[in-house]
Amino acid sequence: MSLRKKIADSEAVLNWAARRIASYIRMVHRNTRWQRIGYGELDQLAAAGEPVIVVLWHQRLAQSPYFFPLDKGRICSITSAARAGSMVGRVQKLFGMDTIAMSSHKRHVALSREVLGLMKQGISIGIAADGPRGPERVSSTVPLIWARTSGKRVFGITYSVRHGRELGSWDRLLLPRPWRNDGVFLCREWTDPVPRKASEEEIEALRQSLEDHMNEITAEADRMVGRTPWSPPA
């Protein structure tokens, strides 16, 4: 193993990097004037111990530790087992979130069983619907399957800031400026019912509906802070 790989895989180095990223996230949160919109119902459910499914776009992960009311309930984030996803999980754990690493070796049935077991314990589930590798803003059917099986409610959550830049990654991750900023957290329930015996055509229509819902609330958050909303590539 090369020295570079040893350093990159070092627990001490990874934990140091996670703490630095967490410090940046806290600094952004502390130095930004936030609006928190649409959280009334989610706050009540979390306080009552009623788990939900939280959906976000991968592009808006940078403030994900503040998406859910951790002072009222628990949430488990589904992350990738790859190096970048593992780092996301380390950072989120520093904020008090639970995480599950989703790897290519773990069968979807096994993952779903684990997720449903957590929800039975009153733990909400958070997932980037277009993660871990995209395509950008194309929702998977995973949240729908979990909603169908568990019967739990689905909330789309996003954030935006007035000052920030999009990185050159596949998801164009939004990186906020960590000082003198304005931002918004926006939460809105996706209310389409998912039938227990939905056909493939119905699942595809619901997947598109969830994707549209996430794009609509993210565009709304962007407009609130004066950002130009995302538009799909031509």
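Rules behind the numbers
Counting restarts for each chain, with residues numbered from 1 along the sequence as it is written. pLDDT decides what is reported in this predicted model: residues at 70 or higher carry local features, side-chain atom pairs at 80 or more are listed and counted, and totals for whole chains, interfaces and linings draw on all residues regardless. As a convention, hydrogens and water are excluded, and side-chain values are obtained from all of the structure's heavy atoms. Two rings belonging to Phe, Tyr or Trp (six-membered ring only in the last case) form a pair when the distance between their centres is within 6.5 Å. Interplanar angles under 30 degrees mark stacking, angles over 60 mark edge-to-face geometry, and anything in between is tilted. We count a stretch as a helix when DSSP gives it H or I for four or more residues in a row; a strand needs E for two or more, and each element gets its number in order from the N terminus. Under the scheme applied here, a residue whose accessible area is under 20% of the maximum for its type counts as buried, over 50% as exposed, and between as partly exposed, the area being computed with a 1.4 Å probe on protein chains only. Charge over a ring is defined by NZ of Lys or CZ of Arg lying within 6 Å of the ring centre and within 35 degrees of the ring normal. Angular values range over 0 to 180 degrees, each being the angle between N-to-C directions of two axes fitted as lines to C-alpha atoms, with helices fitted over their stretch in contact. Orientation is classified from the angle alone, with under 35 degrees giving roughly parallel, over 145 giving roughly antiparallel, 65 to 115 giving roughly perpendicular, and any other angle giving oblique. Crossing handedness follows the turn of the near helix against the far one: under a right angle anticlockwise gives a left-handed crossing, and clockwise gives a right-handed one. Residues count as neighbours in contact if any of their non-hydrogen atoms are within 4.5 Å of one another. Each residue is assigned to one class: nonpolar for Ala, Val, Leu, Ile, Met, Phe, Trp, Tyr, Cys and Pro, charged for Asp, Glu, Lys and Arg, and polar for all the others, Gly among them. One bridge is not enough; two strands pair if DSSP finds at least two bridges between them. The term salt bridge refers to a side-chain nitrogen of Lys or Arg lying within 4 Å of a carboxyl oxygen of Asp or Glu.

(A) The arrangement of the packing of aromatic side chains in detail. For the structure on display, the rule yields six aromatic pairs. Arranged with centres 5.6 Å apart and planes meeting at 75°, the rings of Tyr66 and Phe95 form a pair that is edge-to-face. One end of the pair, Tyr66, is in the loop between strand 2 (53–56) and strand 3 (75–80); the other, Phe95, is in the loop between helix 4 (83–94) and strand 4 (98–102), and 29 residues separate them in sequence. The exposure class of Phe95 is buried, given its relative accessible area of 15%. Taking the centre distance of 6.2 Å and the plane angle of 55° together, the rings of Phe67 and Tyr159 count as tilted. Of this pair, Phe67 sits in the loop between strand 2 and strand 3 while Tyr159 sits in strand 6 (residues 154–161); the two residues are 92 residues apart in sequence, bridging distant segments of the chain. A relative accessible area of 3% means that Phe67 is categorised as buried. For Tyr159, a relative accessible area of 0% puts it in the buried group. A cation over a ring is seen here: Arg26 above Phe95, with NZ or CZ 4.4 Å from the ring centre. Across the ring face of Tyr39, the terminal group of Arg36 is positioned such that the distance to the ring centre comes to 3.8 Å.

(B) Highlighting the packing of helix 5 (residues 108–120) against helix 6 (residues 142–150). Where helix 5 contacts helix 6, the axes come no closer than 11 Å and their chain directions differ by 50°. With respect to each other, helix 5 and helix 6 are oriented oblique. Regarding helix 5 and helix 6, the two cross each other, and that crossing is right-handed. Counting all contacts with helix 5, which are made through Leu111, Ser112, Val115, Leu116 and Met119, the residues of helix 6 involved are Trp146, Thr149 and Ser150. Here the contact of helix 5 with helix 6 is built from residues that sort into five nonpolar, three polar and no charged.

(C) Quick look at the sheet that holds strand 2. Here seven strands make up an open sheet; going across it, the order is 1-9-6-2-5-3-4 and the pairing mixed. Of all strands in the sheet, those with a lone pairing partner are strand 1 (32–37) and strand 4, marking the two edges. Taken pair by pair, the neighbouring strands of this sheet meet at an average axis angle of 25°, ignoring direction. Contacting strand 1 and strand 9 (181–190), helix 2 (residues 11–30) runs over the sheet at an angle of about 80° to strand 1. Its contacts with the sheet place helix 6 against strand 2, strand 3, strand 5 (124–128), strand 6 and strand 9, and it is angled at close to 170° to strand 2.

(D) Geometry of the pattern of salt bridges. Overall, the coordinates contain 15 salt bridges when judged by the stated rule. Between Glu50 and Lys152 there is a salt bridge, and its shortest N-O distance comes to 2.9 Å. Of this pair, Glu50 sits in the loop between helix 3 (40–47) and strand 2 while Lys152 sits in the loop between helix 6 and strand 6, and the two are 102 residues apart along the sequence. Judged by relative accessible area, Glu50 falls into the partly exposed class, the value being 33%. Between Arg207 and Glu204 there is a salt bridge, with the nearest N and O atoms lying 3.0 Å from each other. Taken together, the residues Arg207 and Glu204, both in helix 7 (residues 200–225) and three residues apart, mark about one turn of the helix. When its relative accessible area of 11% is taken as the criterion, Arg207 is described as buried. A single network of salt bridges, built from pairs that share partners, joins Arg33, Arg162 and Asp182.

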